[in-house]
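# Structural features, examined
Residue-level listing of the chains:
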Amino acid sequence: MSEYLQQYEKYSLGLLDEQDASSASMYESRERLAVRTTWLLNFEYIKQSKNGNFAVRFFHACAFFNPAEIQQDLINPGKPPIEDDSYQEYVDTALGSSHILKLLTDFSLFKKNRRSSLTVHRLVQEVIRGNISPEEYVSSLVDAIRLLSYAFSFSRSPDDLLTSMINKHYDRASLQTTDPSLFHKWHKICLHAHEVRKLLLDFLKSSQLLDQRIVIPETARLVYECALHPFNKGRFGNFVSSRNTFAGVGSESYFVFLCRSS
């Protein structure tokens, strides 16, 4: 217990040094500080746990997701694969992914809900993003994009439906008879994609140069899915037009266009 209190004091003092002296409410600020200190301390214990580095890497990526419903299958190798062979192998096993979930839930960073998915407090995400280096920020952002890209590859999207319609020469009216539940999984992943896109735009606004690690086809595809979601009759024509216009365009041009227009 004494060791825990010493660590708590260490992180608490560190956060106090960073705190804005002009805070509107000292009471509210102290409460927030206590929560942040506890989470940072728990996060350090996860780092020191066996294979905790894999849980840390996944959670850094989760700091860019929608906090309300994080699907367990987002613990995946990524597409293209995360640039860590050990991580890829570990999360590709049921035991490895279960261990990551156990670490994050045992230390109260994640909470399981009744939909067999996970939730995380938005403040936890803010704490993580605010306590990693600029280099780690970009790496974690790219990891988040790759995890979503992998998940998108296993979900049916309206784009798949449109391709099928074009190949089979169906008319647009055929779309109206499509069961929306076919896209339920895609819809859930898109909620995370919107969060990533928002943070990506904030990052681009604050950066003088475009980090080339972000300019990958998977980023363009993610923003493209955001432009497509929610899919409805009113946006169908625009979707077809943009899909045809940007077929074959380089990933960087496609990425910049979609970031500005979606």
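Everything numeric in this text was worked out from a predicted model, so none of it was measured.

Conventions adopted
- Residues numbered from 1 in each chain as written.
- Predicted model: local features only at pLDDT ≥ 70, side-chain atom pairs only at ≥ 80, totals over all residues.
- Heavy atoms only, no water.
- Pairing = 2+ DSSP bridges.
- Helix = DSSP H or I, 4+ residues; strand = E, 2+ residues; numbered from the N terminus.
- Buried < 20%, exposed > 50% of the residue type's maximum accessible area, 1.4 Å probe, protein only.
- Contact = heavy atoms within 4.5 Å.
- Core = buried A, V, L, I, M, F, W, Y, C linked by side-chain atoms within 4.5 Å.
- Axes fitted to C-alpha atoms, helices over the stretch in contact; angles between N-to-C directions.
- Parallel < 35°, antiparallel > 145°, perpendicular 65-115°, else oblique.
- Left-handed = near helix turned anticlockwise from the far one by under 90°.
- Expected span 1.5 Å × (residues − 1).
- Arc of directions from axis to C-beta.
- Phe/Tyr/Trp six-rings, centres within 6.5 Å; stacked < 30°, edge-to-face > 60°.

### Things to note about the sheet that holds strand 1 (residues 70–71)
Spatially, the three strands line up as an open sheet ordered 1-3-2, and their pairing is antiparallel. Taken across any chain shown, the strands that pair with only one partner, and hence form the sheet edges, are strand 1 and strand 2 (111–112).

### Digging into the side chain of Arg-146
Summarising the element assignment, Arg-146 is placed in helix 7 (residues 134–152). With a relative accessible area of 10%, Arg-146 lands in the buried category. If we ignore the near neighbours within four places in the chain, the residues touching Arg-146 are Gly-78, Lys-79, Pro-80, Pro-81, Ile-82 and Glu-83.

### As for the nonpolar core
With 59 residues, the main nonpolar core has Phe-58 and Phe-59 as its most contacted residues. Taken together, the elements giving at least two residues each to this core come down to helix 2 (26–48), helix 3 (52–62), helix 4 (85–91), helix 5 (94–106), helix 6 (122–130), helix 7, helix 9 (184–206) and helix 10 (217–228). The element that contributes the greatest number of residues to this core is helix 7, accounting for 10 residues. With residues up to four places along the chain from it excluded, the contact list for Phe-59 reads Phe-43, Leu-104, Leu-109, Phe-110, Val-120, Val-124 and Ile-128.

### Examining the environment of Val-127
Its place among the elements puts Val-127 in helix 6. Once the C-alpha coordinates of Val-127 and Trp-39 are considered, the two residues, 88 residues apart in sequence, prove to be 8.3 Å apart. Residue contacts for Val-127: discarding those within four places in its chain leaves Arg-36 and Leu-40.

### A closer look at the packing of helix 9 against helix 10
Helix 10 packs onto helix 9 with a crossing angle of 115° between their chain directions and a minimal axis gap of 9 Å. One way to sum up the angle between helix 9 and helix 10 is to call them roughly perpendicular. Once helix 9 is placed against helix 10, the crossing between them reads as left-handed. Contacts from Trp-186, Cys-190, Ala-193, His-194, Val-196, Arg-197 and Leu-200 in helix 9 reach Thr-219, Leu-222, Val-223, Glu-225, Cys-226 and Leu-228 in helix 10.

### A short note on helix 5
A rise of 1.5 Å per residue sets the reference length of helix 5, with its 13 residues, at 18 Å; its end C-alpha atoms lie 18 Å apart and thus fit the reference within 8%. If you check which residues of helix 5 are buried, you get Gly-96, Ser-97, Ile-100, Leu-101, Leu-103 and Leu-104. Angularly, the buried residues of helix 5 cover 160° about the axis, an arc narrow enough to put them on a single face. Residues of helix 5 that are exposed and point more than 90 degrees away from the buried face comprise Ala-94, Leu-95 and Lys-102. Among the residues trailing helix 5, Ser-108 stands out with phi positive, at a value near 65°.

### Looking at the packing of aromatic side chains
Applying the stated criterion to the full structure yields nine aromatic pairs. On the basis of an interplanar angle of 70° and a centroid distance of 5.4 Å, the ring pair of Phe-59 and Phe-110 is categorised as edge-to-face. Pair noted here: Phe-59 is in helix 3 and Phe-110 is in the loop between helix 5 and strand 2, with a separation of 51 residues, a long-range link.

### Thoughts on the packing of helix 7 against helix 10
One way to put it is that helix 7 packs onto helix 10 with a least axis distance of 10 Å and a crossing angle of 65°. Crossing geometry of helix 7 relative to helix 10 is assigned as left-handed. Mapping the contact onto sequence places Ile-145, Leu-148, Ser-149 and Phe-152 in helix 7 and Glu-218, Thr-219, Leu-222 and Glu-225 in helix 10.

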